[in-house]
Amino acid sequence: MIPAQFDYVAPTTVEEALAALAQHGDDAKIMAGGQSLLPVLRMRLNAPEMVIDLGRIDSLRGVRDDGDAIVIGAMTQHAVIATDPLVEEHALLLHKAVQHLADSQIRHRGTFGGALAHADPAGDMGAPALALGASFVIAGSGGTRTVSADDFFVDLFETAIGEDEILTEVRVPKHTGWGAHYEKFVRVAHQWPIVAVAATVRAEGGTITEARVGLTNMGSTPLRARGVEEALAGQPATVDAVRAASERATDGTNPPSDLNGDADYRRHLAGVLTRRAVLAAAGA
Ligand SMILES: Cc1cc2nc3c(=O)[nH]c(=O)nc-3n(C[C@H](O)[C@H](O)[C@H](O)COP(=O)(O)OP(=O)(O)OC[C@H]3O[C@@H](n4cnc5c(N)ncnc54)[C@H](O)[C@@H]3O)c2cc1C
């Protein structure tokens with residue numbers, strides 16, 4: 001279907017983009033890579049009068065080192081994250097997870113910030129960002145504010161970003177030397193996960209000293225599997241210990257039922273995929 005008619009601007013600074021948002025209010029929509037927005041417009045699920053394209057704002061692109069964190073610009077494409085050496089060294093979980101996101105064409109257009117702002121509970125970037133304790137820098141007319149990962153994802157397709165605000169960058173605390181794995185279960189290749197598990201683990205001498213685990217598509221937002229994390233701390237990185245801890249993967253979850261699988265099936269998957277992800281992350 002062809003989208004409803006809209007006007008289009010492509011500002012070159014965040015300030016200009018914010019001014020356009022303020023001018024058009026509810027009638028405007030931000031566009032990053034357009035990989036989720038354009039399908040929505042084509043299905044006429046939304047019909048903004050103004051589309052504000054962030055594609056010409058160079059300051060929103062790239063990955064930089066900022067001491068104890070790496071900082072990823074909101075407009076950094078998935079394909080850049082997949083090959084960036086800072087991401088691979090300090091946030092291996094993101095490096096691993098992004099390889100599973102859609103196909104190469106979409107990874108070249110779609111952006112890290114766009115995927116997080118879209119907040120699809122089946123999106124592949126939310127659980128790794130949550131597990132790594134990322135924080136989100138959001139710009140508005142009154143300046144910038146920073147929101148923690150725990151507060152960023154509010155509900156299905158809803159985040160802490162206000163209607164008049166723009167996500168500018170994501171700060172990811174360094175997890176240098178941590179093992180990581182993203183285990184994604186799909187029916188067909190290049191699709192959103194039915195369930196996926198993001199695990200990053202610090203292990204010393206065969207013992208898991210700390211684990212951080214995020215769940216994709218086990219509720220209306222990405223979730224931390226805190227029960228698993230607690231159960232893993234101080235345990236040997238063995239199949240039996242990780243299997244026992246993974247039984248807590250469904251604590252606090254509320255998985256959906258749909259044509260790809262019902263809630264019970266997703267609960268089963270969460271336990272199996274957590275075991276696989278943690279064992280792989282621990283190198284066991
Ligand atoms: C066929 C297909 C398969 C896909 N498969 C997967 C998959 O397997 N896993 C997966 O995770 N994703 C998948 N995607 C989605 C892909 O990851 C998109 O890149 C992503 O969801 C949106 O990123 P984008 O940059 O294209 O954002 P856009 O589509 O441009 O924007 C998405 C939403 O976020 C808002 N937004 C964007 N940037 C900002 C910002 N900086 N500040 C405030 N609001 C903003 C927009 O207004 C819009 O509402 C797939 C998409 C397609 C078309």
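Source: prediction; values computed, not measured.

S.K.: Quick one: what's the story with the overall build of the protein, residue by residue and with numbers?
M.R.: Tallying secondary structure elements over the protein gives 12 helices and 14 strands in all. Computed over C-alpha atoms, the radius of gyration of the protein comes to 19 Å, within 12% of the 19 Å expected from 2.2 N^0.38 for 284 residues, which places it in the range of a compact globule. Taking the principal axes of the C-alpha coordinates as reference, the protein spans close to 60 × 45 × 30 Å. Looking at the 284 residues of the protein, the share that counts as buried comes to 50%. Long-range contacts, defined as pairs at least 24 residues apart, comprise 61% of the intrachain contacts of the protein with a sequence gap of at least 6. Taking the average location of the 24 positive side-chain charges in the protein and that of its 36 negative ones, the two points are 6 Å from each other.

S.K.: How would you summarise the pairing of strand S12 (residues 195-204) if you had to cite specific residues and measurements?
M.R.: Counting buried positions along S12 yields seven of 10 residues, so the element is predominantly enclosed. Where strand S11 (residues 179-185) lies against S12, seven bridges are found, and the strand directions are antiparallel. Within S12, the residue paired with His181 across the bridge is Ala199. The pairing of S12 with strand S13 (residues 207-216) spans nine bridges and is antiparallel. Looking at S13, one finds that Ala196 is bridged to Thr216.

S.K.: Outline the pattern of salt bridges, listing residues and values.
M.R.: Applying the stated rule across the entire model yields 15 salt bridges. A salt bridge links Glu165 to Arg145; its shortest N-O distance comes to 2.8 Å. Linking Glu165 in the loop between strand S9 (158-159) and strand S10 (166-173) with Arg145 in strand S7 (residues 143-148), this pair joins segments that are 20 residues apart in sequence. Overall, Arg145 belongs to the partly exposed group, its relative accessible area being 33%.

S.K.: Describe the sheet that holds strand S14 (residues 223-224), listing the residues and the values that go with them.
M.R.: One open sheet accounts for four strands, arranged S11-S12-S13-S14; its pairing is antiparallel. Every interior strand has two partners, whereas the edge strands, S11 and S14, have only one. Packed on one face of the sheet, helix H12 (residues 263-281) meets S11, S12 and S13 and runs near 30° to S12.

S.K.: Could you give me a rundown of the site of the ligand, with the residues and numbers involved?
M.R.: Inspection of the region around the ligand gives 28 residues, with Ile30, Ser36, Leu37, Thr111 and Asp124 positioned closest. Separating an oxygen atom of the ligand from a side-chain N or O atom of His78 is a distance of 3.2 Å. Contact distances for the ligand include 2.7 Å between an oxygen atom and a backbone N or O atom of Asp124. For the ligand, whose accessible area on its own is 970 Å², the fraction buried by protein is 89%. Of all the elements in the fold, those that place two or more residues in the shell around the ligand are strand S2 (28-31), helix H7 (112-118) and S10. Considering every element that reaches the shell around the ligand, the biggest residue donor is H7, with four residues. Here the shell around the ligand is built from residues that sort into 14 nonpolar, 11 polar and three charged.

S.K.: Tell me about the packing of aromatic side chains, and name the residues and values.
M.R.: Taken as a whole, this structure holds four aromatic pairs when the rule is applied. Ring plane angle 5° and centroid distance 3.8 Å describe the contact between Phe136 and Phe152, whose orientation is recorded as stacked. Residue Phe136 is found in strand S6 (residues 135-140), and its partner Phe152 is found in helix H9 (residues 149-152); the two are separated by 16 residues along the sequence. With a relative accessible area of 0%, Phe136 lands in the buried category.

About the cut-offs
Residues numbered from 1 in each chain as written. Predicted model: local features only at pLDDT ≥ 70, side-chain atom pairs only at ≥ 80, totals over all residues. Heavy atoms only, no water. Helix = DSSP H or I, 4+ residues; strand = E, 2+ residues; numbered from the N terminus. Rg over C-alpha atoms; globule rule 2.2 N^0.38 Å. Buried < 20%, exposed > 50% of the residue type's maximum accessible area, 1.4 Å probe, protein only. Contact = heavy atoms within 4.5 Å. Lys, Arg positive; Asp, Glu negative; His and termini not counted. Charge placed at Lys NZ, Arg CZ, Asp CG, Glu CD. Pairing = 2+ DSSP bridges. Salt bridge = Lys/Arg side-chain N within 4 Å of Asp/Glu carboxyl O. Axes fitted to C-alpha atoms, helices over the stretch in contact; angles between N-to-C directions. Near = heavy atom within 4 Å. Polar contact = N/O pair within 3.5 Å; in protein donor to acceptor, adjacent residues only side chain to side chain. Areas by Shrake-Rupley, 256 points an atom, 1.4 Å probe, with all protein chains shown as cover. Nonpolar A, V, L, I, M, F, W, Y, C, P; charged D, E, K, R; others polar. Phe/Tyr/Trp six-rings, centres within 6.5 Å; stacked < 30°, edge-to-face > 60°.

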